Amino acid sequence: MTLYFQDRYGDLREIAQVSGEAEAMKRIHAFCDERNFTIYYVRTWTAPVNGREMTIYDVGSHSEYFLIDRTTS
């Protein structure tokens with residue numbers, strides 16, 4: 001699975017290849033820690049993004065998200 005970061009402009013940047021949700025959360029926390037961003041909550045949902053079903057993680061920024069594309073390895 002591929003973990004992406006979506007910035008406030010909607011641009012996707014690949015963060016890592018992950019094997020599951022637990023590893024994805026570790027990568028999300030590390031990414032936020034490196035930028036001194038505190039995660040107060042995590043909200044998830046599934047939605048189509050660029051024609052693919054992705055799981056979206058809102059960690060509190062309200063304009064930037066993490067996404068997992070489960071169709072990739």
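Everything discussed here concerns the structure shown above.
Given the structure is predicted, the values throughout are model-derived calculations rather than measurements. (Residues numbered from 1 in each chain as written. Predicted model: local features only at pLDDT ≥ 70, side-chain atom pairs only at ≥ 80, totals over all residues. Heavy atoms only, no water.)

Q: Help me understand the nonpolar core, please; the structure alone is not making it clear to me.
A: As a rule of thumb, nonpolar side chains are buried together in soluble globular proteins. Leu3, Val18, Ile28, Tyr57, Phe66 and Ile68 are the most contacted members of the largest nonpolar core, which has 14 residues in total. Put simply, the parts of the chain that give this core at least two residues each are strand S1 (2-6), helix H1 (21-34) and strand S5 (65-69). At five residues, the largest contribution of residues to this core is made by H1. Ignoring any residue separated from it by four or fewer positions in sequence, one finds Tyr57 in contact with Glu21, Met25, Ile28, Val42, Arg43, Thr44, Tyr65, Phe66, Ile68 and Arg70. Grouped together as the second largest cluster of nonpolar side chains are seven residues, Tyr4, Ala47, Tyr65 and Leu67 included. (Core = buried A, V, L, I, M, F, W, Y, C linked by side-chain atoms within 4.5 Å. Buried < 20%, exposed > 50% of the residue type's maximum accessible area, 1.4 Å probe, protein only. Helix = DSSP H or I, 4+ residues; strand = E, 2+ residues; numbered from the N terminus. Contact = heavy atoms within 4.5 Å.)

Q: Please explain the sheet that holds strand S2 (residues 12-17) as it appears in this structure.
A: Hydrogen bonds between backbone atoms are what pair the strands of a sheet, whose relative direction is either parallel or antiparallel. Spatially, S2-S1-S5-S4-S3 is the arrangement adopted by the five strands of the open sheet, whose pairing is antiparallel. Two strands lie at the open edges of the sheet, namely S2 and strand S3 (43-49), each paired on one side alone. Recorded for the sheet is a direction-independent mean angle of 30° between the axes of neighbouring strands. In this sheet, strand S4 (residues 52-58) lies alongside S3 in antiparallel orientation, the contact comprising seven bridges. Residue pairing across strands places Ala47 opposite Met54, the latter belonging to S4. (Pairing = 2+ DSSP bridges. Axes fitted to C-alpha atoms, helices over the stretch in contact; angles between N-to-C directions.)

Q: Before we go on, may I ask you to explain the pattern of salt bridges in this structure?
A: Between side chains of opposite charge, a pair can form as their charged atoms come close. The final tally for this structure, using the stated rule, is five salt bridges. Between Arg8 and Glu64 there is a salt bridge; the shortest N-O distance is 3.6 Å. Here the residue Arg8 occupies a position in the loop between S1 and S2, and Glu64 occupies one in the loop between S4 and S5, the gap between them amounting to 56 residues. As a salt-bridge pair, Arg35 and Glu34 come within 3.2 Å of each other at their nearest N and O atoms. (Salt bridge = Lys/Arg side-chain N within 4 Å of Asp/Glu carboxyl O.)

Q: Would you mind going over the environment of Thr71 with me for this structure?
A: Here Thr71 is to be found in the segment after S5. For Thr71, a relative accessible area of 58% gives the class exposed. Spatially, the C-alpha atom of Thr71 lies 8.3 Å from that of Glu53, the residues being 18 residues apart in sequence.

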